[in-house]
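Topology and contacts: notes
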Amino acid sequence: MQLLPVNVGTKLLADYASIASRGLMDSIKALAEPLAGKRVLHLSATAFGGGVAEILYTLVPLMSDAGLEVEWRIIHGQDEFFDVTKTIHNGLQGDPTCLTDEQKETYRRFNRLNAEVLEGSYDFIIVHDPQPAAMIEHAREAGGRWIWRCHIDLSTPNRSILDFLLPCMARYDAAVFHRREYVPDSNVLPASYVWPPAIDPLAPKNMALSAEDAAYILDQFGIDVDRPLVTQVSRFDPWKDPLGVIEAWRLVRQRHPDLQLGLVGSMAHDDPEGWDYYNRTVNAADGDPDIFILSNLNNVGSVEVNAFQVHSAALLQKSVREGFGLTVTEALWKARPTVAGRVGGIVDQIQDGETGYLVSSVEECADATSRILDDPVAARALALRGKEFVRRSFLTPRLLRDWLALFNELSGNHAAAAEVTTAVRPA
Ligand code: UDP
């Protein structure tokens, strides 16, 4: 029983030359040269649903095209393990629930089992998020350098859960966070780096899709394409606040009675809580025929998400905590007017009133959405500025460059790395 490899196909860096700047493409080439043939392993909990999978489907093939030998493998787990890792995830984002001794043992046991079936040896092992983070305790020799890539908002962690993980964090050679505020206050952490994630502008999720094609796709789901629609795309999760979105939509509907609501969320297998929250969302919708709750189970894949994003008059991401919020990046990239929670990485993406709207309550969310519906021309101007911001900062070639810079840094090639990585707590 080996760790399952994910087949990511191939992608060519050259295809991104017309979207990324010349300087960035040159920098990628220069940073990749000394790394030719280096073996890299990405480890994560799932190949489906959520931001990590989204990123790796593009990053892994592009890293390969840059000349490295790259694999992505998924760890094994069962509900009892994913229940524990969900508690860890929530705790790291501030939920007060603590782990029982039995849960800690379950976490350790699954990490040990996964470490035992890790084969091969790598120059760099990148562990995404907390689920596989303790594998390092049992498989240190499999990787020359181990890097923990955290995709979570760690600004106000439940200290007991953070303290449980810190001893294994301490064994890493480096850790990477989305934002400075997420680097935990601890003197055992390895050198820590900060850079945001990115989206793939050429992936089916983000590629150009005409308004007609988007409308055609939405029509298949029963959306009335002649009436306005607002949509939130995200997992069914309390931090994403789908119930708050329904409340806000009900307020907006008092002034815009035609308005429909799309709640599009994939169900990830490492997210047992998702079902519970999905059911709560369905209950809150109370059978309203203008609320469309859809997921991958209704065949909503990447192109369909793209269509929802392209067609919607406004995109909502009313999160109350958010590691980064790739859905916001996706919305801005499509030049859609966006209303999102004033939390986490969202505030790095939206300048309130400049490129979209930041909100902290149901009422604010409803007000901003109404403003967009009342004046779509002004809203479009904001969204276009948002798109240019994403082009400069949050597309995959920049993410690839940051990883290559870190590999150089960890290989002792400090000069190459200096211009691009931000060491906030060098070892
Ligand atoms: N996503 C999707 N289908 C869905 C819901 C989400 O493809 O039904 C994608 C979404 O487009 C985005 C990612 O999953 O690319 C979610 O990333 P984000 O950073 O917004 O949130 P996370 O789920 O990682 O907390």
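1. Brief notes about the nonpolar core
Formed by 59 residues in total, the largest nonpolar core has its most connected members in I147, W403, L404 and F407. Setting aside its immediate chain neighbours within four residues, L404 contacts I28, L31, A32, L35 and L68. In this structure, Y107, Y122, A139 and A175 belong to the second largest nonpolar core, which totals 44 residues.

2. Remarks on the confidence of the model for the chain
Scored by pLDDT, the chain has a mean of 94; 97% of the residues are at 70 or more. Here residues 423-427 is a poorly scored stretch, pLDDT under 50, and it has 13 contacts once near neighbours within four places are set aside; other chains count.

3. Observations concerning the sheet that holds strand 4 (residues 122-128)
Pairing is mixed in the open sheet, where seven strands are placed in the order 1-3-2-4-5-6-7. Each end of this open sheet is capped by a strand with a single partner; those strands are strand 1 (4-5) and strand 7 (191-194). Packed on one face of the sheet, helix 15 (residues 396-410) meets strand 2 (39-44), strand 4, strand 5 (143-149), strand 6 (174-177) and strand 7 and runs near 135 degrees to strand 5.

4. Some words on the pairing of strand 10 (residues 291-294)
What you see with strand 10 is no split at all: I291 and I293 on one side and F292 and L294 on the other are buried throughout. Pairing geometry for strand 9 (residues 260-264) and strand 10, over four bridges, is parallel. Looking at strand 10, one finds that V264 is bridged to L294.

5. Looking at the site of the ligand
Taken together, 17 residues lie near the ligand, and G51, R235, K240, S266 and E330 sit nearest. For the ligand, an oxygen atom lies 2.7 Å from a polar atom in the side chain of R235. Within the contact set of the ligand, an oxygen atom lies 2.4 Å away from a side-chain nitrogen or oxygen of E330. For the ligand, the accessible surface in isolation is 540 Å², of which the surrounding protein chains cover 88%. The element contributing the most residues to the shell around the ligand is helix 11 (residues 326-333), with three residues. Here the residues of the shell around the ligand are counted per class, giving four nonpolar, seven polar and six charged.

6. Describing the sheet that holds strand 10
With respect to topology, six strands assemble into an open sheet ordered 10-9-8-11-12-13, the strand pairing being parallel. With partners counted over all chains shown, the strands left at the sheet margins are strand 10 and strand 13 (357-359), one partner each. Between one strand axis and the next, the sheet turns by 20 degrees as a mean value, whatever way the strands run. Its contacts with the sheet put helix 8 (residues 242-255) on strand 8 (229-233), strand 9, strand 10 and strand 11 (314-317), and the angle it makes with strand 9 is roughly 170 degrees.

7. What to know about helix 9 (residues 273-285)
Residues spaced three or four apart along an α-helix point in a common direction, a consequence of the helix completing one turn every 3.6 residues. Between the first and last C-alpha of helix 9 there are 19 Å, a value that for 13 residues agrees with the 18 Å anticipated at 1.5 Å per step. Of the positions making up helix 9, those classed as buried are G274, Y277, Y278, T281 and A285. Seen from one end, helix 9 has its buried residues packed into an arc of 110 degrees, which puts them on one side. Positive phi shows up at D286, right after helix 9, with a value of about 55 degrees.

8. A look at empty space enclosed by the protein
Summary: where empty space remains is shown by rolling a probe the size of a single water molecule over the atoms. Under the criterion given, the structure shown has three cavities of 30 Å³ or more. In this structure, the largest cavity spans a volume of roughly 70 Å³. Lining the largest cavity, in full, are T231, Q232, V233, Q309, L315, L316, Q317, T327, V328, A331 and T338. Of all the elements in the fold, those that place two or more residues in the lining of the largest cavity are strand 8, strand 11 and helix 11. Among the residues making up the lining of the largest cavity, the classes are represented as five nonpolar, six polar and no charged. I55, L56, L59, H128, R149, H151, P197, L399 and W403 together form the lining of the second largest cavity. Those elements that provide at least two residues to the lining of the second largest cavity are helix 2 (51-65) and helix 15. Of the residues forming the lining of the second largest cavity, the biggest block, three residues, is contributed by helix 2.

Rules and cut-offs
Residues numbered from 1 in each chain as written. Predicted model: local features only at pLDDT ≥ 70, side-chain atom pairs only at ≥ 80, totals over all residues. Heavy atoms only, no water. Core = buried A, V, L, I, M, F, W, Y, C linked by side-chain atoms within 4.5 Å. Buried < 20%, exposed > 50% of the residue type's maximum accessible area, 1.4 Å probe, protein only. Contact = heavy atoms within 4.5 Å. pLDDT = per-residue confidence, 0-100. Pairing = 2+ DSSP bridges. Helix = DSSP H or I, 4+ residues; strand = E, 2+ residues; numbered from the N terminus. Axes fitted to C-alpha atoms, helices over the stretch in contact; angles between N-to-C directions. Near = heavy atom within 4 Å. Polar contact = N/O pair within 3.5 Å; in protein donor to acceptor, adjacent residues only side chain to side chain. Areas by Shrake-Rupley, 256 points an atom, 1.4 Å probe, with all protein chains shown as cover. Nonpolar A, V, L, I, M, F, W, Y, C, P; charged D, E, K, R; others polar. Expected span 1.5 Å × (residues − 1). Arc of directions from axis to C-beta. 1 Å grid on protein atoms, 1.4 Å probe; cavity = no way out; pocket = protein on both sides within 12 Å on 5 of 7 lines; lining within 4 Å. Points joined across faces, edges and corners; volume = space filled by probe spheres on them.

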